[in-house]
Amino acid sequence: MDLPQSAAHTFPAQDFMDVFVERLMSLMDSHRDRNSHRDRNSLSMVCKAWLRMDRECRRQLLIANCDAVIPQTVTRRFRHIRCLTIKGRPEVRFYMSREEDCLRWIQAMTIAYPMLEELCLKRMQVSYTAMCLIGEGWKNLRSLVLCRCSGITNFGLSRIAENCSDLKVLDLLDCEVPIPGGSWITYFPGSYTSLESLKISCLTAELPFDPLKCLVERCPNMKSLWLNESVSLEMISVLLEKAPQLKDLGCPALFTRCRASPEVYSRIFGAFSGCRELSCFWLLYVDPYFLPAVYPVCSGLTSLDLSQVAIQISDRHLIIKLASRCGKLRRLWLGSDCIEESWLEVVASSCKELEDLRIFPGIPFDVLSDFRSLTEQGLVSVAVSCPKLKYILYVCSRMSNEALHTVARSLPNLIGFRLCMNVLEGPQLDDGFGAIVEQCKDLKRLSVPGLITDRALQHIGTHGQKLEILSLAFAGDSDSGLGYVLSGCLKLRKLKVRNCPFGSRVLALNARRLEALRFLWMSNCGVRYGECEGLKREMMGLKVQVLDEDHEEESNVAQLYIYRAVD
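A short tour of the structure in this document, coming up. (Residues numbered from 1 in each chain as written. Predicted model: local features only at pLDDT ≥ 70, side-chain atom pairs only at ≥ 80, totals over all residues. Heavy atoms only, no water.)

When helices and strands are tallied, the protein chain shows 22 helices and 22 strands. Each of the 567 residues in the protein chain was classed as buried or not, and the buried ones make up 54%. Here the analysis covers contacts within the protein chain between residues at least 6 apart in sequence; of these, 71% occur between residues at least 24 apart. When the accessible surface of the protein chain is split by element, carbon and sulfur atoms take 51% of a total near 25700 Å². (Helix = DSSP H or I, 4+ residues; strand = E, 2+ residues; numbered from the N terminus. Buried < 20%, exposed > 50% of the residue type's maximum accessible area, 1.4 Å probe, protein only. Contact = heavy atoms within 4.5 Å. Areas by Shrake-Rupley, 256 points an atom, 1.4 Å probe, with all protein chains shown as cover.)

Right, here's the structure in full:
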């Protein structure tokens, strides 16, 4: 039946489509999924009308590589950004990347987006001037996250505390902050009560305790608190008593340099017992006497980070004793220098809900210890006993194809698998890594430490259809290996290659494919300095940067950085 003429005028098709697209894009913003920005990018490319719609209604923006675009291009394209993330040059092992100064970005963004509410800077240099602009330019700022940044000063933080009265999140994560004082925390107004997350574990300066205690006490919604080493055991107990509602606690100093009184022991035990909602716990220094204080909250923990914990050899078994009490644990991070292989069997039998296991390389606390490197047996134990595992980072001295087959067979839902080996000896692992990419259909991140040939890289190119991040070291036999990866892994965004025989020829042949990547980083591979100018001419849509300071025409490039740029 035909609609009445009045109804046809009330609901024109174009207006309906505009409303539909606007609602769809707004829905992506509200969910904040890690892939939502890619979905929005895809929608905006459908037609010019949808591109204009995206321009007007986009609220969140990710600048994944600040080298690839200038601020003026961003501000012309988007008008009403409320949540902004800017990332600097990618992090590459064994190379100290130059950090990009964020000042030019902050200057442009404070003018273009005066109503910005959330800002995240990663791997950037944040000067005092930039911090002043952030504090004075964005009065409505609710979240400031600085991750692996440098240049942060006490006075810069003071401007943030003084001006951003609606701030809910202030997180400094792995930043270089050699500031001489912690007086910035006294600049929060006495009426300030909105803070929900304060992560300052990277600060080296001593914090005045009374202002910190008052700040924690008058913020009833605080859920996350990471403290630095200047906060003593007695101070921790006081803060926990003031904020029993904490869900995420970073506690670097569960440790005392002198013998504490029985009252202190009793108080720290009682303080942890009162934190009924604690689910995430991070620990750096530990005294065996105080470790049982954490036991009352273990049953509720879902995340435990002990990757940097420093503990005497004779007390290392207490680390696994702590982890074995966390039956609901979904994320466990450990340092390879504080565990033994048999302890992973205890973890496997106790933590059946485990989804994320990361064992980081580290330096033994006691250099005279008989440190035992992990082997493939620990990985097999965890893979067989923890079927919900989706992400693994494992450091070992030995690996076998049989172990990798077991991992692939036991964990078909694996999303990330990163293997590090400190000794590149043993059989080729072509069959094992072939099984990983073939049977783990949803694999998005893979790190290969070596011991593979072009045959394994061909497997990766054939079966790694969902791979987004790939790291290769000491891998492959010829240019063909990299060619298999570039031609087969169509969703690849980040590619890091180190100490591999790949040269400029395979890069030139796959220039069009490289344009789809966010970046390619090559360290000590087969590309010569004299060939770089030819690469720049053949890859006009890409930026080709040689990051070496000294070089000769016939020698190999030590650091080659290729990325796509937006004009």
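Next up on the list: the nonpolar core. Membership of the largest hydrophobic core comes to 170 residues, with the highest contact counts inside it found for F417 and L507. In contact with L507, not counting residues within four places along its chain, are L482, L514, L520, M522, V527, L535, M539, L560 and I562. Counting residues in each nonpolar core, the second largest holds 6 residues, with A68, L547, Y561 and Y563 among its members. (Core = buried A, V, L, I, M, F, W, Y, C linked by side-chain atoms within 4.5 Å.)

Summarising the element assignment, N65 is placed in the loop between β1 (60-63) and α5 (71-77). Given a relative accessible area of 7%, N65 falls into the buried group. Within polar-contact distance, the side chain of N65 engages the side chain of Y561 at 2.9 Å. For N65, the residues in contact, after removing those within four places along its chain, are K87, Y561 and Y563. (Polar contact = N/O pair within 3.5 Å; in protein donor to acceptor, adjacent residues only side chain to side chain.)

Moving on, we get to empty space enclosed by the protein. For the coordinates displayed, the defined rule picks out 1 cavity of 30 Å³ or more. Computed from the structure, the largest cavity encloses a volume of approximately 30 Å³. Considering the residues around the largest cavity, the lining is formed by V437, C440, K441, L443, H463, G464, Q465, K466 and L467. Looking at the lining of the largest cavity residue by residue, the classes come out as 4 nonpolar, 3 polar and 2 charged. (1 Å grid on protein atoms, 1.4 Å probe; cavity = no way out; pocket = protein on both sides within 12 Å on 5 of 7 lines; lining within 4 Å. Points joined across faces, edges and corners; volume = space filled by probe spheres on them. Nonpolar A, V, L, I, M, F, W, Y, C, P; charged D, E, K, R; others polar.)

Another point: the environment of R148. Structurally, the position occupied by R148 is in the loop between β6 (143-147) and α8 (154-163). For the pair R148 and V177, spaced 29 residues apart in the sequence, the C-alpha separation amounts to 9.9 Å.

Although it is not a glycine, R148 sits at a positive phi angle of roughly 55°. The class of R148 is partly exposed, set by a relative accessible area of 31%. One non-glycine residue, L451, lies in positive phi territory at about 65°. Inspection of the secondary structure puts L451 in the loop between β17 (445-448) and α18 (454-463).

The next subject is the pairing of strand β12 (residues 303-306). Neither face of β12 is exposed, since S303 and D305 on one face and L304 and L306 on the opposite face are all buried. For β12 and strand β13 (residues 331-335), the ladder comprises 4 bridges, and the chain directions are parallel. Bridge pairing in β13 places S303 opposite R331. (Pairing = 2+ DSSP bridges.)

Here we come to the pairing of strand β2 (residues 83-87). Counting buried residues in β2 gives 5 out of 5 residues, a clear majority hidden from the surface. Relative to β2, β1 runs parallel, the two being bridged by 4 bridges. Along β2, the bridge assignment pairs I63 with I86. Note that the unit made of β1, α5 and β2 has a crossover that is right-handed. Bridge count between β2 and strand β4 (residues 118-122): 5 bridges; the pairing is parallel. Along β4, the bridge assignment pairs I86 with L121. (Right-handed = clockwise from strand over helix to strand, strands pointing away.)

The final tally for this structure, using the stated rule, is 14 salt bridges. Among the ionic pairs, D67 bridges to R89, the shortest N-O distance being 3.4 Å. In this pair, D67 is assigned in the loop between β1 and α5 and R89 in the loop between β2 and β3 (100-101), connecting sequence segments 22 residues apart. We classify R89 as buried; its relative accessible area is 5%. Among the salt bridges present, the one from R159 reaches E162, with a minimum N-O distance of 2.9 Å. Taken together, the residues R159 and E162, both in helix α8 and 3 residues apart, mark about one turn of the helix. Residue classification places E162 among the partly exposed positions, given a relative accessible area of 39%. (Salt bridge = Lys/Arg side-chain N within 4 Å of Asp/Glu carboxyl O.)

Close contact between helix α6 (residues 103-112) and helix α7 (residues 128-137) brings their axes to 9 Å; oriented N to C, the two are set at 15°. As the angle between them shows, α6 and α7 are arranged roughly parallel. As for how α6 packs across α7, the hand of that crossing is left-handed. For the pair α6 and α7, contact is made by L103, I106, Q107 and T110 and by T129, A130, L133, I134 and G137, respectively. (Axes fitted to C-alpha atoms, helices over the stretch in contact; angles between N-to-C directions. Parallel < 35°, antiparallel > 145°, perpendicular 65-115°, else oblique. Left-handed = near helix turned anticlockwise from the far one by under 90°.)

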